[in-house]
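Residue strings, one per chain:
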Amino acid sequence: MSTESGQPLTLDIEWGAETIQVSNIARTLPAEPTDEQQQTVIEAARQNPGIRMPEGALTAIATAVTQPGALAVQLRPTGQDLQGVLMVENVEGATLYSAVTRVLMSELFPGIQPRTGMEVLEVPDPQVQGITQDGLPSAGVEYHYADLDHLSNHVWQTIYGTLAKNSYATSIVTRSVTRNLITHPVRITFEDGTEPIHALVVRDGITRLASAWSVLAGPRSDAAAAADLARQALLGGATAASERGKGPGLEQRLAASRRKGREELRAEFAEEIHKQVPAARAAQIFQSFTVPAQIAVGIDAHTKRLLSADDLFDDAIRSVLASIHVEFKQWETAAQNVEVITRALKRIVQSGDPRWSTAELQEVYGLAVGRIPVTDLPRVVGGEDTPPATALWRAVYLLSALTKPELFQALKEQAKVLKGDQRMQVKGFAGLLGPVIDLPWRTRKRLVTPTARNAWSNGGVLTPAVVGGWSPKVTDDFTTLVEPAMSGDIDARCTLAVAGGVALIADKLLTRNVGSSLNAPKEKGGVPFRLDTHKVIEGLSRQGNELGLRLLAMAANTFRGDDLPLNAVAKQSLTGKNPAETDKPYVYFKVDLAAEDGIARTADGVPVMLYEWDVVAASDPDRARSLAEAEEASRTAAAAAPSAEDGTATPGEAATDSGEAGGTVTDPAVPLTGEVPGELPHVVPGPRDSSPSLPPSQRAAELTRHLRHHVQATRDVLDRILPLEAEVGVHTPPVPSGTLDELVELLVGIQADVENLRRRTASGGIGKDDEDDPYGELNADADALG
């Protein structure tokens, strides 16, 4: 931390679960503009005939800026040039003039967001009307709300909904807001007759504005707390009821309330900054106190225009926003992934880490980015076992190199830094690899490339064995690796997992199966059960699974990088053309271990095509067999069951009555919830300490009863939250994403503990706890959570 008097401070502060460095914290906050300075700004604007806006709009601008002298210079015309030094933007039908300055954050209201205009909002947007002066367009619009409560709720909804989707809080507390917010004056009117007010609204950069409020609220505050803080600061608690009968002066009362709030922050900052070691609060206040803004102050209509004067300004602002968010599109996810993984690899190459050969890493990098062609693969690998120069063997060797344990961890760390993520799980890393692996064939297989990349984002071929370190086993026939793989050869197993898995994913025979795929017909992409992609590969490559290992081997032998198989797509349905007679389509066939060539055939001797259903089923043959038997038994039972007319209880009703399934489990000795009408159910109090004299088994039984009731109470609360989802709309979720992430992590941890306890109980003893799952998920069936 700098200790020189008057010099900016550099602070190391705790922000959430990490320590971050905050630079350039001044010892004082920017001053409020005085009445005289505000008048200077207003007079400068009046001198410029190109600036046409109401007096209230000019006052809103003058009150918000922290550099009134610099703003006045921008507003004054210079000689014959009315625009002076203002920023000029030409859009369709008009020319916009804007001033660039810094403004007090607590003077900025969130405006209407074009990206949410198509959504169903819980609190509707206000009506928008343009403003004109002497028949010419003014740089501002009118927002028409029902009443003050409508405005208040709209502010809360915008801040809350924005933060529920995204937040730059960590970046802002580190460096403050660094990019200009696009703002303009607005006249706010009310349907109930409440006195109109003028303000500055943000039209682009609302996420930055909301994140700044989140910074001021603190690292442990959620989106709701930040929205509460913003609403209170902007409106001072004013409501339709509280303002009723107060008479004129609403604008002045709100301005005084905001000024008073800033005075309290100034006092708090002054006290904090003079401590020997200022803490996070000083950084929170300073970094969010002001923000850079581009304020629209003037507009000229072009001679040939289609819009009326009162529609021109709003259309011009929308054109500016479109140029930012539509014309200049963000990179697609695949491009971002390639950038991250190749930059991460390049960083490691340049690090000179003695654990790896720089020359070898350079070759790996060359293969990854396509600088080294597939035809050079034998030269790059060299050695006694030289692989064929094929795209599939390129994938095998790349994945073998990139998943060496130490390099794998280093790459994850670098990728995490580049993406700005807190964590980088194996699934996330697999998603980065998808667009690198498919480089040689992505054009030829472009019809199914998006599906393949989704499968990579679902774990790809990165099983625990693959990321544990292995070396490729070179062969001209992958089926020769099945026997050593069955005998426990990890290199053979991983070679089959990677080669066969890459082939199945690339040709849409293994996808990120979703709920709609479950039990759909196999010809339409159905699967017998849901399982993440890497879990399917893990099952197929399991040492004792001969069916799965042979399926992987035959898939690798079948794969071609210059076309799509008939299994993946019907060419006629996608391209409108029949395959030419000269085409040589290739097909994946279903595996039959009893057949001499390993290919399943119909009674007529016709080979059976392979479907994703068969791939998933082969990953766990016992489970697939059990599900098939259960389904057959269910059909038999349904055919023999008595009808409901004879009064016989259905199985579902019987289960509910017994308390084993379907209904709420109750226990008269321990009430589940408090009987408080209209309130959420109260979770039962925590279990009291059992008497030490009780045997451990009795104490465990009592605690288990409490555990069961707490879990059921949680279920009851969730059942009351879910119906609210339809009422609150899309923009403002009933529970923010960040909160859901925390709850999921907590619930997965609970399930893991329960599952481990169940397994140990079933095995008849207490064993070593399961090791941490690097995939961040349980090893239980993927569909256990429904």
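No experiment lies behind these values; they were computed from the predicted model shown.

Go over the pairing of strand β10 (residues 290-301) with me, naming the residues and quoting the values.
Regular strands have side chains that alternate between both faces of the sheet. For β10, the buried fraction is high: 10 of the 12 residues fall into the buried class. Note that strand β4 (residues 94-104) and β10 share 11 bridges and pair antiparallel. Looking across to β10, one finds that valine 100 is bridged to glutamine 294.

So, the side chain of serine 619: which residues are in play, and what are the values?
With respect to the secondary-structure elements, serine 619 resides in helix α24 (residues 612-619). In this view, serine 619 contacts Phe529, Leu531, Val536, Gly539, Leu540, Arg542 and Asn545; residues no more than four positions away in its chain are not counted.

An account of the packing of helix α17 (residues 426-437) against helix α18 (residues 449-457) is needed here, citing residue identities and associated values.
Two elements in contact, α17 and α18, have axes whose closest approach is 7 Å; the angle formed by their N-to-C orientations is 150 degrees. As summarised for this structure, α17 and α18 are arranged roughly antiparallel, according to the angle between their axes. Taking contact as the criterion, the partners of Lys427, Ala430, Gly431, Leu433, Gly434, Pro435 and Ile437 in α17 are, on α18, Arg453, Trp456 and Ser457. The residue makeup of the contact of α17 with α18, split by class, is 5 nonpolar, 3 polar and 2 charged.

Describe α18, and please don't skip the residues or the numbers.
Taken together, the buried positions of α18 are occupied by Thr449, Ala452, Arg453, Ala455 and Trp456. Along α18, the residues classed as buried sweep out an arc of 155 degrees about the axis, all on the same side. Immediately downstream of α18, the backbone of glycine 459 shows phi near 120 degrees, a positive value.

How would you summarise the nonpolar core if you had to cite specific residues and measurements?
Counting 96 residues, the largest nonpolar core has Ile13, Ile25, Leu75, Leu151 and Ile188 as its most contacted members. The element that contributes the greatest number of residues to this core is helix α6 (residues 206-217), accounting for 7 residues. With 88 residues, the next largest nonpolar core counts Val349, Trp356, Val364 and Ala492 among its residues.

Describe the side chain of histidine 154, with residues and values.
Relative to the assigned elements, histidine 154 resides in helix α4 (residues 148-165). Residue classification places histidine 154 among the buried positions, given a relative accessible area of 1%. A distance of 2.7 Å separates polar atoms of two side chains, one belonging to histidine 154 and the other to aspartate 125. When sequence neighbours within four positions are dropped, the list of residues in contact with histidine 154 reads Val123, Pro124, Asp125, Pro126 and Tyr145.

Outline the packing of helix α9 (residues 250-273) against helix α10 (residues 280-289), listing residues and values.
One way to put it is that α9 packs onto α10 with a least axis distance of 9 Å and a crossing angle of 135 degrees. By the angle between their directions, the pair α9 and α10 is classed as oblique. Where α9 crosses over α10, the two elements pack in a sense that is left-handed. Taking contact as the criterion, the partners of Arg262, Leu265, Arg266, Glu268, Phe269, Glu272 and Ile273 in α9 are, on α10, Arg281, Ala282, Ile285, Phe286 and Phe289. When grouped by side-chain class, the residues that make up the contact of α9 with α10 number 7 nonpolar, no polar and 5 charged.

Run through empty space enclosed by the protein, naming residues and quoting values.
Applying the stated rule across the entire model yields 8 cavities of 30 Å³ or more. Counted as a void, the largest cavity has a volume near 80 Å³. Lining the largest cavity are Ile437, Asp438, Trp441, Arg442, Lys445, Val448, Thr449, Ala452, Trp456, Val502, Ile505 and Ala506. Within the residue set of the lining of the largest cavity, elements represented by two or more residues are α18 and α20 (490-506). Quantified by volume, the second largest cavity comes out at close to 50 Å³. Taken together, Met53, Pro54, Ala57, Ile131, Ser138, Ala139, Gly140, Val141, Pro185, Val186, Arg187 and His198 make up the full set of residues lining the second largest cavity. Going through the elements one at a time, β7 (136-145) and β8 (181-190) are the ones with two or more residues in the lining of the second largest cavity. It is β7 that provides the largest number of residues to the lining of the second largest cavity, a total of 4 residues. Each residue belonging to the lining of the second largest cavity can be placed in one class, and the counts come to 8 nonpolar, 3 polar and 1 charged.

Could you give me a rundown of the pairing of strand β6 (residues 127-133), with the residues and numbers involved?
Pairing analysis gives 6 bridges linking β6 to β7, with the strands arranged antiparallel. The partner of glutamine 133 across the bridge, within β7, is leucine 136.

Go over a negative patch on the surface, please, and point to the residues and values.
Where like charges cluster on the molecular surface, the negative patch consists of Asp222, Asp741, Glu742 and Glu745. Take glutamate 742: it is sitting in helix α29 (residues 737-763). Residue classification places glutamate 742 among the exposed positions, given a relative accessible area of 58%.

Could you give me a rundown of unusual backbone geometry, with the residues and numbers involved?
Here serine 176, not a glycine, exhibits a phi torsion of approximately 70 degrees, which is positive. Mapped onto the elements, serine 176 comes out in the loop between α5 (169-175) and β8. One non-glycine residue with positive phi stands out, namely lysine 508, at about 60 degrees. Checked against the element boundaries, lysine 508 lands in the loop between α20 and α21 (533-540).

If you had to explain the pattern of salt bridges to someone new, which residues and values would you point to?
Scanning the entire structure with this criterion turns up 32 salt bridges. For the salt bridge of glutamate 538 with lysine 535, the shortest nitrogen-to-oxygen distance reads 3.7 Å. One end of the pair, glutamate 538, and the other, lysine 535, are both in helix α21, 3 residues apart, so they sit about a helical turn from each other. A relative accessible area of 29% places glutamate 538 in the partly exposed class. We classify lysine 535 as buried; its relative accessible area is 14%. With a shortest N-O distance of 2.9 Å, aspartate 622 and arginine 625 are connected by a salt bridge.

Calculation notes
- Residues numbered from 1 in each chain as written.
- Predicted model: local features only at pLDDT ≥ 70, side-chain atom pairs only at ≥ 80, totals over all residues.
- Heavy atoms only, no water.
- Buried < 20%, exposed > 50% of the residue type's maximum accessible area, 1.4 Å probe, protein only.
- Helix = DSSP H or I, 4+ residues; strand = E, 2+ residues; numbered from the N terminus.
- Pairing = 2+ DSSP bridges.
- Contact = heavy atoms within 4.5 Å.
- Axes fitted to C-alpha atoms, helices over the stretch in contact; angles between N-to-C directions.
- Parallel < 35°, antiparallel > 145°, perpendicular 65-115°, else oblique.
- Nonpolar A, V, L, I, M, F, W, Y, C, P; charged D, E, K, R; others polar.
- Arc of directions from axis to C-beta.
- Core = buried A, V, L, I, M, F, W, Y, C linked by side-chain atoms within 4.5 Å.
- Polar contact = N/O pair within 3.5 Å; in protein donor to acceptor, adjacent residues only side chain to side chain.
- Left-handed = near helix turned anticlockwise from the far one by under 90°.
- 1 Å grid on protein atoms, 1.4 Å probe; cavity = no way out; pocket = protein on both sides within 12 Å on 5 of 7 lines; lining within 4 Å.
- Points joined across faces, edges and corners; volume = space filled by probe spheres on them.
- Patch = residues over 30% accessible without salt bridge, like charges linked within 9 Å, V, L, I, M, F, W, Y side chains within 5 Å.
- Areas by Shrake-Rupley, 256 points an atom, 1.4 Å probe, with all protein chains shown as cover.
- Salt bridge = Lys/Arg side-chain N within 4 Å of Asp/Glu carboxyl O.
- Lys, Arg positive; Asp, Glu negative; His and termini not counted.
- Charge placed at Lys NZ, Arg CZ, Asp CG, Glu CD.

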